[in-house]
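# Structural overview for review
Spelled out, the chains give:
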Amino acid sequence: MKISISSSRKRGLTPDLRLVQKYFKNNIEDIEFSYFMADETSKNRMAKKGFKDAKKRYCNTVENVICVDASIQGKKYKTGKKVLIAVPYDYQFKAVNRVETESDYKRTNSFKGFDYIIAGSPFAKDVYTKCYNIPNSQIIEKVVTPMAWNMRREKAAKDSREKYETMFPKMKGKKVIAILTNGKVKKDEPSPYEGFDLKKALDNIDSSYFVLTNSEEILNNAITLGNEYTEKFAYINKALDSRRILYFAEYLFTNSGMYASYMSGREKPVYCINYTENNFEMFMKRRFPDLYIGDLNKITEHLKGYQDINKRFTQYFSYVESENPCEVIKGIYVK
């Protein structure tokens with residue numbers, strides 16, 4: 001059997017696709033993979049045209065396809081089964097924001113040709129049924145995405161934590177608060193963290209917690225901290241995969257809808273922070289205002305454990321009980 005793993009939006013082989021690939025290799029005999037990983041977002045006009053032409057040629061030869069986005073629309077494939085793993089990228093929040101705020105919103109055909117959609121959550125099911133034309137697609141409910149499933153595995157969580165504890169020994173044995181941002185503030189706009197008193201926030205967090213962040217703005221704020229604050233704070237540079245923190249963090253403060261969705265599957269508190277006013281931030285401000293934090297100085301007020309509002313978020317952004325999604329996808333191809 002030949003399986004094509006595809007993406008053309010600078011995503012490469014994503015964690016979800018890697019997990020599916022690994023599972024198929026271990027559980028299907030005579031499996032062969034082909035790949036299409038390109039960058040249609042290139043600003044070079046000739047390169048962009050070259051990627052599009054290559055995609056057309058590729059689509060005429062492949063059979064069974066697994067995607068995590070609409071970068072290669074399923075309708076272009078002539079044979080085989082086409083599966084979409086509905087990873088919660090920003091365009092999902094953009095689509096739902098539009099359908100809920102624009103009276104003249106028209107559904108698009110971006111996902112029209114996929115045979116199966118692994119929704120991952122009630123939210124994603126709503127997005128695809130309300131925002132897109134998918135007359136022939138079967139939405140598979142009560143099945144999370146592969147990475148969300150993997151995050152619930154005790155060994156995966158332990159391995160991820162140990163890797164970070166090797167990098168940050170003072171984190172060992174502590175509960176982790178993750179502040180993870182996505183995107184960049186425009187150069188002509190003030191940083192939303194200019195008034196964030198990191199020193200005061202750390203003083204108000206007891207010694208059983210450790211704060212990890214990937215935010216350069218917060219790092220710049222931290223240069224005035226004394227060495228004693230390394231006991232409970234660290235910056236993660238780009239060499240480390242910040243997604244791995246989601247496997248073991250106790251709290252997440254983020255402006256990333258993807259991070260928030262994955263974290264919700266572990267039934268841990270998730271809060272949205274004001275950063276770039278992206279689609280997820282706008283969605284949370286409107287739909288879950290109690291989980292939206294406009295002022296980062298108020299972070300310590302939300303360290304109260306798993307509340308009812310967190311539970312409502314979890315129930316909407318993840319199926320709490322789920323089959324192994326890799327096994328479900330395998331069942332689509334191997335009857």
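Residues numbered from 1 in each chain as written. Predicted model: local features only at pLDDT ≥ 70, side-chain atom pairs only at ≥ 80, totals over all residues. Heavy atoms only, no water.

### Quick look at the pairing of strand S11 (residues 270-273)
- Side chains of S11 alternate between two faces, with Val270 and Cys272 and Tyr271 and Ile273 buried alike.
- Of the strand pairs in this sheet, strand S10 (residues 251-254) and S11 are connected by three bridges, and their pairing is parallel. If you follow Phe253 over to S11, its bridge partner there is Tyr271.
- In the classification by handedness, the crossover that spans S10, the intervening helix H9 (residues 257-264) and the parallel S11 is right-handed.
- Of the strand pairs in this sheet, S11 and strand S12 (residues 292-293) are connected by two bridges, and their pairing is parallel. In the sheet register, Ile273 faces S12, and the bridge partner there is Ile293.
- For the handedness criterion, the β-α-β arrangement of S11, helix H10 (residues 279-287) and S12 is classed as right-handed. (Buried < 20%, exposed > 50% of the residue type's maximum accessible area, 1.4 Å probe, protein only. Helix = DSSP H or I, 4+ residues; strand = E, 2+ residues; numbered from the N terminus. Pairing = 2+ DSSP bridges. Right-handed = clockwise from strand over helix to strand, strands pointing away.)

### Focus: the side chain of Asn255
- Along the chain, Asn255 falls in the loop between S10 and H9.
- Within the local environment of Asn255, its side chain forms a polar contact with the backbone nitrogen of Asn182, the two atoms lying 2.7 Å apart.
- For Asn255, the residues in contact, after removing those within four places along its chain, are Leu180, Thr181, Asn182, Ile273, Tyr275, Thr276, Asn278, Phe280 and Glu281. (Polar contact = N/O pair within 3.5 Å; in protein donor to acceptor, adjacent residues only side chain to side chain. Contact = heavy atoms within 4.5 Å.)

### Quick notes on the packing of H9 against helix H11 (residues 308-317)
- Between H9 and H11, the shortest axis-to-axis distance is 8 Å and the interhelical angle comes to 100°. As summarised for this structure, H9 and H11 are arranged roughly perpendicular, according to the angle between their axes. Facing H9, whose interface residues are Ala260, Ser261 and Ser264, H11 presents Phe313, Thr314 and Phe317.
- Residue composition of the contact of H9 with H11, by class: three nonpolar, three polar and no charged. (Axes fitted to C-alpha atoms, helices over the stretch in contact; angles between N-to-C directions. Parallel < 35°, antiparallel > 145°, perpendicular 65-115°, else oblique. Nonpolar A, V, L, I, M, F, W, Y, C, P; charged D, E, K, R; others polar.)

### Here we look at the packing of helix H4 (residues 122-131) against H11
- Running from amino to carboxyl end, H4 crosses H11 at an angle of 50°, the nearest separation of the two axes being 5 Å. As judged from the angle between their axes, H4 and H11 are oblique. Residue-level inspection shows Pro122, Phe123 and Asp126 of H4 in contact with H11, the latter providing Gln315, Tyr316 and Phe317.
- Of the residues in the contact of H4 with H11, the class split is four nonpolar, one polar and one charged.

### Brief notes about the sheet that holds strand S2 (residues 32-37)
- Spatially, the six strands line up as an open sheet ordered S2-S1-S3-S4-S5-S6, and their pairing is parallel. The open sheet has two edge strands with one neighbour each: S2 and strand S6 (138-140). For this sheet, the mean inter-axis angle between neighbouring strands, taken without regard to orientation, is 20°.
- With four bridges joining them, strand S1 (residues 2-7) and strand S3 (residues 64-67) adopt parallel strand pairing. Looking at the pairing, Ser6 lines up with Cys67 of S3.
- Here helix H12 (residues 325-333) sits on the sheet in contact with S1, S3, strand S4 (82-85), strand S5 (116-118) and S6, set at roughly 155° to S3.

### Things to note about the sheet that holds strand S9 (residues 233-235)
- Across the sheet, six strands lie side by side as S9-S8-S7-S10-S11-S12; this open sheet has parallel pairing. Edge positions in the open sheet fall to S9 and S12, since each of these has one partner strand only.
- As paired elements, strand S8 (residues 209-213) and S9 share three bridges and run parallel to each other. Pairing of Val211 across the sheet is with Phe233, part of S9.
- Taken strand by strand, H10 contacts S10, S11 and S12, and its axis lies near 115° from that of S11.

### A few points about the side chain of Ser261
- Along the chain, Ser261 turns up in helix H9.
- The exposure class assigned to Ser261 is buried, which follows from its relative accessible area of 7%.
- Apart from residues no more than four positions distant in its own chain, Ser261 is found in contact with Pro88, Phe93 and Phe317.

### Section: unusual backbone geometry
- Phi angles above zero are rare outside glycine, and Asp30 is one such case at about 55°.
- Tracing the sequence through the fold places Asp30 in the loop between helix H1 (15-27) and S2.
- According to the relative accessible area criterion, Asp30 is exposed, its value standing at 67%.

### What about the environment of Ile118?
- Assignment of secondary structure puts Ile118 in strand S5.
- Its relative accessible area of 0% is what places Ile118 among the buried residues.
- Distance in space between the C-alpha atoms of Ile118 and Val87 is 8.8 Å, their sequence separation being 31 residues.
- Other than its neighbours up to four places away in sequence, Ile118 contacts Val83, Leu84, Ile85, Ala86, Ile140, Val143, Val144, Val328 and Ile329.

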